[in-house]
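# Analysis of the macromolecular model
So the chains spell out like this:
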Amino acid sequence: MDQNLKGRWNFDKFFYFAIYEGKIKEMIRSYKYGGAISLYKYFVDIFDELFDYFPPPSDSVITTVPITFNSFKNKGFDHMKKIGRSFSKKRGIQFLDLIEVVKQKKQQVNSTFEERKELVKGKYRVRIEELYRTNGKIVILDDVFTTGATVNECARILKDGGAQSLYVYTIAKTKLGEIYELK
């Protein structure tokens, strides 16, 4: 679904596949935390469908929101990077690690919008040498848009680094997002 954005967002467009509930919620959680790693193929197909309906600017590059070292240690893999790399191969679109985590902070789960905004400040840094390999058109893939604080911060640092356009695609969006000026 295409979302028209209201409020102060650092990305230009936002698209999502489903509301984060029911079967899609179970699948995302099973993939991220339950060892159902083969589900990444299903999520690649979801992004493929989203791109068919809502294509990004031509010559865009794909990146993902990175996970922290602690999350990597617990899961054993970066769930979004696995999807992003596979999807980029399927679509023939370059994948670059444009964002890195520089500060370990507490998990955002069950945090309010204001808490999430604070938790992501200073957490990420642009890998500027990678950003210079782009033409400034960036697609950020993530699994769930809760309040948008994480992708908004990632978009902000990418724009500060010189990105020209930023499109965000997620598998799901929580209903919470509607109260944060997404209409």
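Conventions and cut-offs
- Residues numbered from 1 in each chain as written.
- Predicted model: local features only at pLDDT ≥ 70, side-chain atom pairs only at ≥ 80, totals over all residues.
- Heavy atoms only, no water.
- Axes fitted to C-alpha atoms, helices over the stretch in contact; angles between N-to-C directions.
- Helix = DSSP H or I, 4+ residues; strand = E, 2+ residues; numbered from the N terminus.
- Parallel < 35°, antiparallel > 145°, perpendicular 65-115°, else oblique.
- Left-handed = near helix turned anticlockwise from the far one by under 90°.
- Contact = heavy atoms within 4.5 Å.
- Buried < 20%, exposed > 50% of the residue type's maximum accessible area, 1.4 Å probe, protein only.
- Salt bridge = Lys/Arg side-chain N within 4 Å of Asp/Glu carboxyl O.
- pLDDT = per-residue confidence, 0-100.
- Phe/Tyr/Trp six-rings, centres within 6.5 Å; stacked < 30°, edge-to-face > 60°.
- Lys NZ or Arg CZ within 6 Å of the ring centre and 35° of its normal.
- Nonpolar A, V, L, I, M, F, W, Y, C, P; charged D, E, K, R; others polar.

What follows covers the packing of helix α1 (residues 22-33) against helix α2 (residues 40-53). Interaxial distance between α1 and α2 falls to 10 Å at its minimum, and their mutual angle equals 125°. Regarding the angle of α1 to α2, the classification is oblique. The two elements α1 and α2 meet at a crossing, and its hand is left-handed. Contacts from Ile24, Met27, Ile28 and Tyr31 in α1 reach Tyr40, Tyr42, Phe43 and Ile46 in α2.

What follows deals with the environment of aspartate 143. The residue aspartate 143 is located in strand β6 (residues 137-145) in this model. The class of aspartate 143 is buried, set by a relative accessible area of 6%. Separated by 100 residues in sequence, aspartate 143 and phenylalanine 43 have C-alpha atoms that sit 8.8 Å apart.

Tallied over the entire structure, the rule returns 15 salt bridges. Between glutamate 26 and lysine 23 there is a salt bridge whose closest N-O contact spans 4.0 Å. With a gap of 3 residues between them, glutamate 26 and lysine 23 both fall in helix α1, about one helical turn apart. By relative accessible area, lysine 23 is classed as exposed at 59%. Linking aspartate 143 and lysine 32 is a salt bridge whose minimum nitrogen-to-oxygen distance equals 2.9 Å.

Moving on, we get to unusual backbone geometry. One non-glycine residue, aspartate 59, lies in positive phi territory at about 65°. The topology assignment puts aspartate 59 in the loop between α2 and β3 (61-64).

Chain-level pLDDT for the chain is 86 on average; 84% of the residues reach the 70-or-more range. Contacts of residues 177-183 to residues separated by more than four positions or lying in other chains number 18 contacts, the stretch itself having pLDDT below 50.

This paragraph deals with the packing of aromatic side chains. Both the distance between ring centres and the angle between the ring planes are used here to describe each pair of aromatic rings. Evaluation of the coordinates by the stated rule reveals 15 aromatic pairs. Ring plane angle 50° and centroid distance 6.1 Å describe the contact between phenylalanine 47 and phenylalanine 87, whose orientation is recorded as tilted. With phenylalanine 47 in helix α2 and phenylalanine 87 in helix α4 (residues 79-91), this residue pair connects regions lying 40 residues apart in the sequence. Its end group placed over the ring of tyrosine 40, lysine 82 keeps NZ or CZ at 4.4 Å from the ring centre.

Here α2 crosses α4 at 55°, and the two axes come no closer than 9 Å. The pairing of α2 with α4 is recorded here as oblique in orientation. Between α2 and α4 lies a crossing of right-handed hand. Contacts between α2 and α4 involve Tyr40, Phe43, Val44, Asp45, Phe47, Asp48, Phe51 and Asp52 on the former and, on the latter, Met80, Lys82, Ile83, Ser86, Phe87, Lys90 and Arg91. Partitioned by chemical class, the residues of the contact of α2 with α4 number 8 nonpolar, 1 polar and 6 charged.

As for its position among the elements, glutamate 153 is in helix α7 (residues 149-160). Glutamate 153 gets classed as buried once you look at its relative accessible area, which sits at 8%. Remark: the alpha-carbon pair of glutamate 153 and phenylalanine 11, spanning 142 residues in sequence, is separated by 9.4 Å. Setting aside residues no more than four positions away along its own chain, glutamate 153 makes contact with Val120, Lys121, Gly122 and Tyr124.

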